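What follows is the residue order along each chain.
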Amino acid sequence: MAVEHPLATHSGDRTRIHDIGYRGYDGPRLGRAYARRSLYSQSLRGAYGLGRSVKSKVLPMLLFAVMCVPAAIMVAVAVATKAHELPVSYTRYAIVMQAVISLYVASQAPQSVSRDLRFKTVPLYFSRPIETADYVQAKFAALASALFVLTGAPLLVMYAGALLSKMGFAHQTKEFAQALVSVALLSLLFAGIGLVIAAVTPRRGFGIAAVIAVLTISSGAVSTLQAIADTHGNSSAVPWFGLFSPITLIGGIQSAFLGAGSSYPGGVGPSHAQGAVFILAALAVIAASYGLLLRRYKKVGL
């Protein structure tokens, strides 16, 4: 039996096959690494609304400004008064601005992953050549990088202002470097927690509410328990409660190893031995977040 060509047309007794110009691709095959970098770049840009609508840029840019403006004001005051120290230390700044950081994570973690889940586009990513690990690594790295920009930019403003005020170069550089290490760890920790929560539901609104609840409730509960323990004279328990909230976990690491003052009630910070436990706990949470994301997307990609 003869099979007619799908693009054939008939005119009387004549049959004509139309060449519509389709050509095979014979260019370079860029592979997984290129696809992973492209997804990372696109996700990082999306975390600040770049390449998206004006409406999508408003909140992340506003939060970025809110993070930087207080630092700029402190610098202006320090320059005007010729102060010898900044009003707030570098390592302390992220702790003070934790509400802004939490709000940023809550808004951008669901934006990064929820739309792919909602519109069922994840299996398309995994069809070829990206694999599950590539997708998770790109999304994790992108949100962590966006958070590092958010938390590191005001530190850079403070550092530049301190040098303009002719504060001690060596001292300021050391504190600035310690704070960068701290916010890098904070960025990984918050990104992991935010993405795990957001990946549970394709509903962006639910993801935002869940991330805010986890970050704020855990911080409030830990601070309350620490205050109660300090009030009842059980100061030895105060540092250990810091393990159960992301922001107090970072605060404990700063206090133990990065020269920061303790933000815990009574000024009781973890010892070096306790600080080592804090570091292990932070790394464990980051690793667990990555593992849970891999497990989640292996199921989604089926």
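An account of the accompanying structure is given in this report. (Residues numbered from 1 in each chain as written. Predicted model: local features only at pLDDT ≥ 70, side-chain atom pairs only at ≥ 80, totals over all residues. Heavy atoms only, no water.)

A separate point is a nonpolar patch on the surface. Together, Leu-59, Leu-62, Val-66, Leu-103 and Ile-212 make up a nonpolar patch on the protein surface, roughly 360 Å² of accessible area in all. For the nonpolar patch, the leading source of residues is helix α2 (residues 54-81), giving three residues. Checked against the element boundaries, Leu-59 lands in helix α2. Using a relative accessible area of 34% as the deciding quantity, one classes Leu-59 as partly exposed. (Patch = residues over 30% accessible without salt bridge, like charges linked within 9 Å, V, L, I, M, F, W, Y side chains within 5 Å. Areas by Shrake-Rupley, 256 points an atom, 1.4 Å probe, with all protein chains shown as cover. Salt bridge = Lys/Arg side-chain N within 4 Å of Asp/Glu carboxyl O. Helix = DSSP H or I, 4+ residues; strand = E, 2+ residues; numbered from the N terminus. Buried < 20%, exposed > 50% of the residue type's maximum accessible area, 1.4 Å probe, protein only.)

Below, the discussion takes up the pattern of salt bridges. Oppositely charged side chains may form a pair once their charged atoms are brought near each other. Tallied over the entire structure, the rule returns four salt bridges. The shortest N-O distance in the salt bridge between Arg-36 and Asp-134 comes to 2.5 Å. With Arg-36 in helix α1 (residues 31-46) and Asp-134 in helix α6 (residues 132-164), this pair connects stretches of sequence that are 98 residues apart. For Arg-36, a relative accessible area of 26% puts it in the partly exposed group.

Under the definition given, this model contains five aromatic pairs. Between Tyr-48 and Phe-64, the ring centres sit 6.2 Å apart and the planes meet at 90 degrees, which makes this aromatic pair edge-to-face. One end of the pair, Tyr-48, is in the loop between α1 and α2; the other, Phe-64, is in helix α2, with 16 residues separating them in the sequence. Assessed through its relative accessible area of 8%, Tyr-48 is described here as buried. Their ring planes at 35 degrees and their centres at 5.5 Å tell us that Tyr-48 and Tyr-104 sit as a pair that is tilted. Pair noted here: Tyr-48 is in the loop between α1 and α2 and Tyr-104 is in helix α4 (residues 98-118), with a separation of 56 residues, a long-range link. Here Tyr-48 and Tyr-104 have matching classes, each one buried. (Phe/Tyr/Trp six-rings, centres within 6.5 Å; stacked < 30°, edge-to-face > 60°.)

Coordinates in, geometry out; function isn't part of it.
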